[in-house]
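# A closer look at the structure
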Amino acid sequence: MAISDLRRVGHWVDNKAFAGNSGRAAAVTNPATGAVTREVALAHVADSREVIESAAAAFPAWRDTSLAKRVATVFRFRELLNQRKEELAEIITGEHGKVLSDALGEVARGQEVVEFACGIPHLIKGGFSENASSSVDVHSTRQPLGVVGIVAPFNFPAMVPMWFFPIAIAAGNTVVLKPSEKAPSAALWMAELWAEAGLPAGVFNVLQGDKIAVDELLSHRAVKAVSFVGSTPVAQYVYAKGTSHGKRVQALGGAKNHAVVLPDADLDLAADAMVNAGFGSAGERCMAVSAVVAVGALADSLVTKIAARARAIRTGDGTRNTDMGPLVTAAHRDRVASYVDRAEQEGAQLVLDGRQVTADGGRDGFWLGPTLLDHVTPDMSCYTDEIFGPVLSVLRVDSYDEALELINANPYGNGTAIFTNDGGAARRFQNEVEVGMIGINVPIPVPMAYYSFGGWKNSLFGDTHAHGTEGVHFFTRGKVVTTRWRAPRDGGLNLGFPQTV
Ligand code: NAD
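The structure reproduced in this document is the subject of the present report.

Structurally, Ala19 is set in the loop between strand S3 (16–18) and strand S4 (25–29). Here the alpha-carbon distance between Ala19 and Gly471, two residues 452 residues apart in the chain, equals 32 Å. When sequence neighbours within four positions are dropped, the list of residues in contact with Ala19 reads Arg8, His11 and Ala41.

Right, dumping it as C-alpha cells:
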C-alpha cells in the first residue's frame, strides 16, 4: 500500500488538527507485524512557526487564568485519562510494540505527574515577610515562562511528555510537544483529551517532525524553555543549541545502568529483578538494567538463574498473551543484533541467543528475544555503548570496590541498583556511586512524581531534573517584590543605598 493511502498523523494547533504544508512525511510501523500503518507529517520551518506562534498567542490569557480554573482543567484531564487509559495504551502498543500491560503502566506513571500538577497552587506559593524593614514588606512569587517546547523519544510516547506538560500547563505556560516520528499518535490522542477537558485553544499544541522542527523550537524567540529526552548525542546538541539561543534547557540523555549483586544477596530475588529490568519493554527503557555486576563467587549461580528465567519469557505481539514485545523498527532490531554478533567476536560467552527467537507475532515483526552475555569485559562494545534492546551483559568482579569503580568510570549516570542484605554496604553505595537515581533491592528506581527524575554525567545536560520540585522550578521563574506604603511623614530625599531600618 502506498504511504499516501494510509491514515496521516498531523499536527495539533488551536485545538484542531493541522495537516501542515511541508509535503514531507515518514512511515509509522506496527513493530509486531512490520506493516506500515500510518504516515506522520514532518514539519518544515513554516509549519513549525505556525504552531509555535499559536502557542505564543495563547500565553497571555492562560497566564492570567486563575489558579483555580487552571487546576480544574488539569483535574478534568486526569479524570478523562484515568477513564480512557486503555485507548492510549493500545495506541502505544501499536506503534512502540511494548506489551499492553506495560503500556498501561507507562500511562499510570504519567498520570502520577498529572496528579502532582493538580497541587500547583501550593507548589508555586511564594513567601511573605512582613516589616522586613520599617513599613516595608517583601514577598516572592513564581511566574510562568511563556511557550515551552517538549521533545520526546520513541520509547515512552505518553509518559515522557507527561513528565513535563502537566506541570508546565498548570503553572501557566503554553506548550508545543514534538513527539518521536516513530510513535507520533499518542500525542494527538492526549491533545484531543486536553480539548475535551476544556483547555483553551493554543495552550497545548503538537508539532510532528524531525530535526527541522526541533531546530525551530531551539531557536524561535517565542520559545523560552525546552525539555528534551532522547539519546546522548542529540541531548548534547539540543542543550548547546538551545542555550546558545538564550533558552532554559533540560536535556535528558542515554544510559548504561548497572545492577550490582553482592555475595550476601538473595540470588532468586536478584535474578527475578535482573530479568524484569533487563528484558521488560524489550530493554527499550532508559532505566533498563543492561549490565549485571556479579561480585565474587556467586556469578555462575546467578547466570544460571537469570538464564532459566529468561528462557521462560514469551516474546510476541504485545496485544497477545506475551511478556516481551518486538523492537521499535527493523533498523533498530538489526543494530541491537549486531552488538550480539560483535560480543561473540570479542570473546563474550553467549548464554542465551535472542537472534534465534520464535515469536508469537507477525512473520515480519521486528523480533529479537532475550539475550544473555556472560564474561563481558569493560572494553567490549556491548558494554561501552548503549544498546537499548533485550541484551543483558554480565560482568564479573572480585569486590564491592571494583564494582563501584566500574560504575563511576562509566560516562553515563542515569540509574543503578544494588542487591544485598547488608544495610551498611547499601548505605555506602548510595553515598559513593556517581549516578542520579539509585535502587536498593529495586531494579528500576524511577522516582515518584513528587521527587525529580534525572541522571548525572552524560545522562543529563542542564541543571534541572524532570518533575517534582525541580520541574516546578524549571517551568517558572522567581520574582521578589518589595513594598512600602508611605505615610506623608516618611517623605524626604536620601540618595544613599537603601538600608534596613
Ligand atoms: P533520539 O535521540 O533519536 O530522538 C529523540 C527526539 O529527538 C525525537 O523526537 C527525535 O525526532 C529528535 N531528534 C533525533 N535526531 C535529532 C537531531 N539530530 N536533531 C534534533 N532532534 C533530533 O532518541 P530515541 O531513539 O527516540 O529514544 C531513545 C533514547 O532516549 C535512548 O538513548 C534512551 O536512553 C533515551 N531516553 C532517555 C531517558 C532519560 O530519562 N534519560 C528517557 C527515555 C529515553
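This part is about the sheet that holds strand S14 (residues 289–295). Spatially, the 7 strands line up as an open sheet ordered S15-S16-S17-S14-S13-S19-S20, and their pairing is mixed. Two strands in the sheet have a free side with no partner beyond their single neighbour: strand S15 (349–352) and strand S20 (437–440). Pairs of neighbouring strands in the sheet enclose a mean axial angle of 20 degrees, with direction left out of account. Relative to S20, strand S19 (residues 415–419) is paired through 4 bridges, and the arrangement is parallel. For Gly415, the partnering residue across the bridge sits in S20 and is Met437. Here helix H14 (residues 423–432) sits on the sheet and contacts strand S13 (257–261), S19 and S20; the angle it forms with S19, its principal contact strand, is near 165 degrees.

Note on placement: Lys247 falls in the loop between helix H8 (232–244) and strand S12 (248–252). It turns out Lys247 is buried and unbridged, and the closest side chain with the opposite charge, Glu216, is 9.1 Å from it. Excluding residues within four positions of it along the chain, Lys247 makes contact with Leu217, Leu218, Ser219, His220, Arg221, Val223, Lys224 and Gly242.

So, on to the layout of surface pockets. The calculated volume of the largest pocket comes to roughly 850 Å³. Together, 40 residues line the largest pocket, and Phe154, Lys182, Gly230, Ser231 and Val234 are the ones closest to its centre. For the lining of the largest pocket, the secondary structure elements donating two or more residues are helix H5 (159–170), helix H7 (211–219), strand S11 (223–229), H8 and helix H11 (330–346). For the lining of the largest pocket, the element with the highest residue contribution is H8, accounting for 5 residues. Taken together, the residues of the lining of the largest pocket sort by class into 22 nonpolar, 10 polar and 8 charged. In this structure, the second largest pocket spans a volume of roughly 500 Å³. What lines the second largest pocket is a set of 19 residues, and nearest its centre among them are Arg484, Arg486, Pro498, Gln499 and Val501. At the level of secondary structure, the elements contributing two or more residues to the lining of the second largest pocket comprise strand S6 (128–133), strand S7 (136–144) and strand S23 (476–484). Class assignment for the residues of the lining of the second largest pocket results in 6 nonpolar, 10 polar and 3 charged.

Scanning all chains against the criterion turns up 3 cavities of 30 Å³ or more. Along the wall of the largest cavity there are 14 residues; nearest its centre are Gly283, Arg285, Ala288, Ser290 and Phe388. Residue composition of the lining of the largest cavity, by class: 7 nonpolar, 4 polar and 3 charged. Each pocket or cavity is described by its volume, and for the second largest cavity that value is around 40 Å³. Along its surface, the second largest cavity is lined by Arg109, Glu112, Val113, Met159, Trp163, Val446, Pro447, Met448, Ala449 and His467. Per element, the largest residue contribution to the lining of the second largest cavity is 3 residues, and it comes from helix H3 (residues 100–117). Per-class residue counts for the lining of the second largest cavity are 7 nonpolar, 1 polar and 2 charged.

Right, let's get into the nonpolar core. Counting residues in hydrophobic clusters, the biggest one holds 69 residues, and the most contacted among them are Phe77, Leu81, Leu88, Trp163, Phe165, Ile169 and Phe204. Sorting elements by how many residues they give to this core places H5 first, with 10 residues. Looking at which domains feed residues into this core, each of domain 1 (3–253 + 459–480) and domain 2 (257–440) gives three or more. Those residues in contact with Phe204 that sit more than four places away from it in its chain are Trp12, Phe165, Ile169, Val175, Leu177, Ala187, Met190, Ala191, Trp194 and Leu199. Formed by 63 residues, the second largest nonpolar core is a distinct cluster that contains Val336, Ala337, Leu372 and Leu392.

The full set close to the ligand counts 27 residues, and Ala152, Lys178, Glu181, Ser231 and Glu386 are the nearest of them. Phe154 places a main-chain nitrogen or oxygen 3.0 Å from an oxygen atom of the ligand. Contact distances for the ligand include 2.7 Å between an oxygen atom and a side-chain N or O atom of Ser231. Relative to its unbound accessible surface of 840 Å², the ligand loses 87% to contact with the protein. Of the pockets mapped on this structure, the ligand occupies the largest pocket. Contributions of two or more residues to the shell around the ligand are made by H7, S11 and H8. Looking at the shell around the ligand residue by residue, the class counts come to 16 nonpolar, 7 polar and 4 charged. Split by domain, the residues of the shell around the ligand number at least three in each of domain 1 (3–253 + 459–480) and domain 2 (257–440).

What counts and what doesn't
- Residues numbered from 1 in each chain as written.
- Predicted model: local features only at pLDDT ≥ 70, side-chain atom pairs only at ≥ 80, totals over all residues.
- Heavy atoms only, no water.
- Helix = DSSP H or I, 4+ residues; strand = E, 2+ residues; numbered from the N terminus.
- Contact = heavy atoms within 4.5 Å.
- Pairing = 2+ DSSP bridges.
- Axes fitted to C-alpha atoms, helices over the stretch in contact; angles between N-to-C directions.
- Buried < 20%, exposed > 50% of the residue type's maximum accessible area, 1.4 Å probe, protein only.
- Lys, Arg positive; Asp, Glu negative; His and termini not counted.
- Salt bridge = Lys/Arg side-chain N within 4 Å of Asp/Glu carboxyl O.
- 1 Å grid on protein atoms, 1.4 Å probe; cavity = no way out; pocket = protein on both sides within 12 Å on 5 of 7 lines; lining within 4 Å.
- Points joined across faces, edges and corners; volume = space filled by probe spheres on them.
- Nonpolar A, V, L, I, M, F, W, Y, C, P; charged D, E, K, R; others polar.
- Core = buried A, V, L, I, M, F, W, Y, C linked by side-chain atoms within 4.5 Å.
- Domains from an automatic or database assignment.
- Near = heavy atom within 4 Å.
- Polar contact = N/O pair within 3.5 Å; in protein donor to acceptor, adjacent residues only side chain to side chain.
- Areas by Shrake-Rupley, 256 points an atom, 1.4 Å probe, with all protein chains shown as cover.
- Sits in = over half its atoms within 2 Å of the grid points.

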